[in-house]
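# Descriptive structure summary
Residue-level listing of the chains:
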Amino acid sequence: MEFFYVSLLSLFILLVSLSLHFLFYKNNKSGGNLPPGKTGWPVIGESLEFLSTGWKGYPEKFIFDRMAKYSSTVFKTSLLGEQAAVFCGSGGNKFLFSNENKLVQAWWPNSVNKVFPSSQQTSSKEEAIKMRKMLPNFLKPEALQRYIGIMDHIAQRHFVSAWENKDEVVVFPLAKNYTFWLAARLFVSVEDPIHVAKLGDPFAVLASGLISIPIDLPGTPFNRAIKASNFIRKELVSIIKQRKIDLAEGKASPTQDIMSHMLLTSDENGKFMTELDIADKILGLLIGGHDTASSACTFVVKFLAELPEVYEGVYKEQIEIANSKAPGELLNWDDIQKMRYSWNVACEVLRLAPPLQGAFREALVDFMYNGFSIPKGWKIYWSANSTHRNPENFPEPLKFDPSRFDGNGPAPYTFVPFGGGPRMCPGKEYARLEILVFMHHIVKRFKWEKVIPDEKIVVDPMPIPAKGLPVRLYPHKAA
Ligand code: HEM
């Protein structure tokens, strides 16, 4: 009997596959000269190969195998149930980043859209684009300068409580703690540990559900993520309402955090953001900035453990800055500008272990790229690794060499950990500051070695050492 059911199921799957294949085939025929490549299995396409190279720790293999087999500039595939083209190399990056909202627009899988807040739920598409344009205002260097001292203060507290007087620590969870505490303070002035946990606990549920299988049934991680996202938004709206009152009564400062800044900034037509827009934007910043920056901090620790000469360079630079400060004096903008070598090291970390592997766009119209037609509605993927690990862009790509960033640095559109064009990561400068402040504190206090010398890396979807990077700490002796 069981055999009968299995056979029936196989027949059913075969029939569905054949019909879907036929449908896709028909679609393809209408697309003209499509890029070379294969679309794999019906529906799932090449998603499994795409994801599994990441799980095994080398996501670039999916891209480079196909670049070698089909074309070094663009190939077709099918990912997450969508017909897709992967644009490769600096030419592909330039094309996509220069045609934002003209030929292509940002696209996220439906699962992400459902959990990830978006102003599109509360306002028109044009308004959402306008709101997106305002984001960099809150995170540009001029706006962030006043937060450096606060970052330093929070980093100090974090290292004293979570790192000092420990022989061994696991880096990734601590890095997540560090970035979340910073965000809670700098975005919404939440500092009280109970209140941070009230946001942090549902946030962890949200972050893990965002990348789970999108089945919205009671109890699934996806369902819990949607609930967590609604809870955090409500919590943020109540903080915003209180802040409005406090600002009106002079009990809160216009410059104390990003929330105040958002409440008091209007667009070019004098229009202010709504409470829900601000809550959405802050939740977006929390999600965009959390695992990305903590993955980057974790890989800084990993590479510095493996490369003593690079560690020495960073240590020398940071200790000089530390020694130039009066007791209790906090880091400031000038100190950050002196961290040139440290930032080159961080950039080399972001080149070799980009926290985001790439991102999707959607074709708004039919268009041609490099002699191939890209049909309207197709999804397009750009991949950081297609240039970061390409010997044409970075000779000896696997060698860790911070001097690549000396002078003018890499050629345009080759180093793209933050993307590019109008949709470039709005948190780039914020990330630079939090990574540098982290580097300052860790090298000032310790040397360290990896507990698991050949710990596996898993990319799902951010790169992380499989066991979270346990390290043995060796505090510097007091001078
Ligand atoms: C090392 C850390 C980070 C890396 C590598 C990174 C990288 C990226 C990349 C590649 C994108 C997508 C660009 C695209 O669609 O082409 C992005 C988007 C975004 N990032 Fe970051 N990011 C980092 C940190 C941050 C931080 C700290 C924040 C917040 C303060 C942030 C907020 C965002 C937001 C809100 C978006 C979505 C922008 C949009 O929808 O247009 N990111 N980031």
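Please read all numbers here as calculations on a predicted model, not as lab measurements. (Residues numbered from 1 in each chain as written. Predicted model: local features only at pLDDT ≥ 70, side-chain atom pairs only at ≥ 80, totals over all residues.)

## Describing the site of the ligand
The local shell around the ligand holds 23 residues, among which G288, G289, G419, C425 and G427 are the closest. Going through the elements one at a time, α6 (125–139), α13 (275–306) and α18 (428–445) are the ones with two or more residues in the shell around the ligand. Examining the composition of the shell around the ligand, we find that seven residues originate from one element, α13, more than from any other. (Near = placed C-beta within 6 Å. Helix = DSSP H or I, 4+ residues; strand = E, 2+ residues; numbered from the N terminus.)

## A short note on the packing of helix α9 (residues 171–188) against α13
Look at α9 against α13: their axes get within 8 Å of each other, and the N-to-C directions meet at 145 degrees. Crossing handedness for the pair α9 and α13: right-handed. Residues V171, F172, A175, K176, Y178, T179, F180, A183, F187 and V188 of α9 touch α13, and the partners they reach there are I282, L285, L286, G289, H290, A293, S294, C297, T298 and V301. By residue class, the composition of the contact of α9 with α13 is 14 nonpolar, five polar and one charged. (Axes fitted to C-alpha atoms, helices over the stretch in contact; angles between N-to-C directions. Left-handed = near helix turned anticlockwise from the far one by under 90°. Contact = placed C-beta atoms within 7 Å. Nonpolar A, V, L, I, M, F, W, Y, C, P; charged D, E, K, R; others polar.)

## Side note on the packing of helix α14 (residues 308–323) against helix α16 (residues 340–352)
The contact between α14 and α16 brings their axes to 8 Å, and the two run at 145 degrees. Considering how the two elements wind past one another, α14 and α16 form a crossing that is left-handed. Between α14 and α16, the contacting residues are V310, G313, V314, E317 and Q318 on the first element and Y341, S342 and V345 on the second. Residues of the contact of α14 with α16, tallied by class, amount to four nonpolar, three polar and one charged.

## Re the UniProt feature "binding site: heme" (unreviewed entry) in the chain
Listed under "binding site: heme" (unreviewed entry) in the UniProt record, and renumbered for this structure, are C425. With respect to the helices and strands, the residue C425 is situated in the loop between α17 (385–388) and α18. Note on C425: 22 C-beta atoms within 10 Å, which makes it buried. Sequence-distant contacts of C425, defined by excluding residues within four places in its chain, comprise F418 and G419. (UniProt positions renumbered as here; feature names shortened; annotations may be inferred. Buried ≥ 20, exposed ≤ 12 C-beta atoms within 10 Å, placed from the backbone.)

## As for the environment of P463
Within the element layout of this structure, P463 appears in strand β11 (residues 463–465). Separated by 109 residues in the primary sequence, P463 and P354 have C-alpha atoms spaced 7.5 Å apart. If we ignore the near neighbours within four places in the chain, the residues touching P463 are S295, F299, A353, P355 and I457.

## What to know about the pairing of strand β1 (residues 74–79)
Summarising burial for β1: six of the six residues are buried, a large majority. Side chains of β1 alternate between two faces, with V74, K76 and S78 and F75, T77 and L79 buried alike. As paired strands, β1 and strand β2 (residues 82–87) are joined by six bridges and run antiparallel to one another. Across the sheet, K76 pairs through a bridge with A85, a residue of β2. (Pairing = 2+ DSSP bridges.)

## Examining the environment of P422
Considering the arrangement of structural elements, one finds P422 in the loop between α17 and α18. Under the C-beta neighbour-count criterion, P422 is labelled partly exposed, with 14 such atoms within 10 Å. Measuring from C-alpha to C-alpha, the distance between P422 and F97 comes to 7.1 Å, with 325 residues separating the pair along the chain. Those residues within four positions of P422 in sequence are excluded, and the remaining contacts are E100 and N101.

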